[in-house]
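An overview of the molecular structure
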Amino acid sequence: MNIAEIIPYIQIVLSILLIGGILLQQSEAGLGGAFGGGDGFSSGFHTKRGAEKTIFIATIVIAIIFVATSFGLLLIKS
């Protein structure tokens, strides 16, 4: 089994992890904030701490690995 046969399975796992990481992140904009309304609390800055920061960084790393495997597979197959 060569690497070109393994990469699609790696991409499936990475895509599931990426979807999970995105869904676990806290949404800053509610429906009211999307249409200009707000309660004053959502207009400030929010600093990521603890698990929220870890999930954020892990999501970025997983996305970079996914893109790298996609380009790698493209180069291997061409």
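Presented here is an overview of the structure given in this document. In this text, all values refer to a predicted model and were calculated from it rather than measured experimentally.

Quick notes on the overall build of the protein
Per the secondary structure count, the protein includes 3 helices and 0 strands. Order of helices (α) and strands (β) in the protein, N terminus to C terminus: α-α-α. Burial statistics for the protein: of 78 residues in total, 13% are counted as buried. A separation of at least 24 residues holds for 83% of the contacts in the protein among residues at least 6 apart in sequence.

Comments concerning the packing of aromatic side chains
All chains considered together, the criterion is met by 0 aromatic pairs. Directly above the ring of Phe 56 sits Lys 48, whose terminal nitrogen or CZ lies 4.8 Å from the centroid.

A few points about the environment of Ser 15
Within the secondary structure, Ser 15 sits in helix α1 (residues 3-24). Sequence spacing of Ser 15 and Ile 62 is 47 residues, and the spatial spacing of their C-alpha atoms is 8.4 Å.

Brief notes about α1
Between the first and last C-alpha of α1 there are 31 Å, a value that for 22 residues agrees with the 32 Å anticipated at 1.5 Å per step. Of the positions making up α1, those classed as buried are Ala 4, Ile 7, Gln 11, Leu 14, Leu 18 and Gly 21. End-on, the buried residues of α1 take up no more than an arc of 95°, which puts them together on one face. Structural note: α1 exposes Tyr 9, Ile 16, Ile 19, Leu 23 and Leu 24 on the side pointing more than 90 degrees away from its buried face. Tucked into the core, α1 has its buried residues touching α3 (51-77).

Remarks on a nonpolar patch on the surface
A cluster of nonpolar residues, Met 1, Ile 3, Ile 6, Tyr 9, Ile 10, Ile 12, Ile 16 and Ile 76, forms a patch on the protein surface that exposes about 840 Å² of accessible area. Tallying contributions element by element places α1 first for the nonpolar patch, with 6 residues. Mapped onto the secondary structure, Ile 12 falls in helix α1. With relative accessibility at 47%, the residue Ile 12 sits in the partly exposed group.

What to know about the environment of Ile 3
Within the fold, Ile 3 resides in helix α1. Among the residues examined, Ile 3 registers a relative accessible area of 48% and is labelled partly exposed. Distance from Ile 3 to Gly 72, taken between C-alpha atoms, is 9.9 Å for residues 69 residues apart in sequence.

Reading the values: rules and limits
Residues numbered from 1 in each chain as written. Predicted model: local features only at pLDDT ≥ 70, side-chain atom pairs only at ≥ 80, totals over all residues. Heavy atoms only, no water. Helix = DSSP H or I, 4+ residues; strand = E, 2+ residues; numbered from the N terminus. Buried < 20%, exposed > 50% of the residue type's maximum accessible area, 1.4 Å probe, protein only. Contact = heavy atoms within 4.5 Å. Phe/Tyr/Trp six-rings, centres within 6.5 Å; stacked < 30°, edge-to-face > 60°. Lys NZ or Arg CZ within 6 Å of the ring centre and 35° of its normal. Expected span 1.5 Å × (residues − 1). Arc of directions from axis to C-beta. Patch = residues over 30% accessible without salt bridge, like charges linked within 9 Å, V, L, I, M, F, W, Y side chains within 5 Å. Areas by Shrake-Rupley, 256 points an atom, 1.4 Å probe, with all protein chains shown as cover. Salt bridge = Lys/Arg side-chain N within 4 Å of Asp/Glu carboxyl O.

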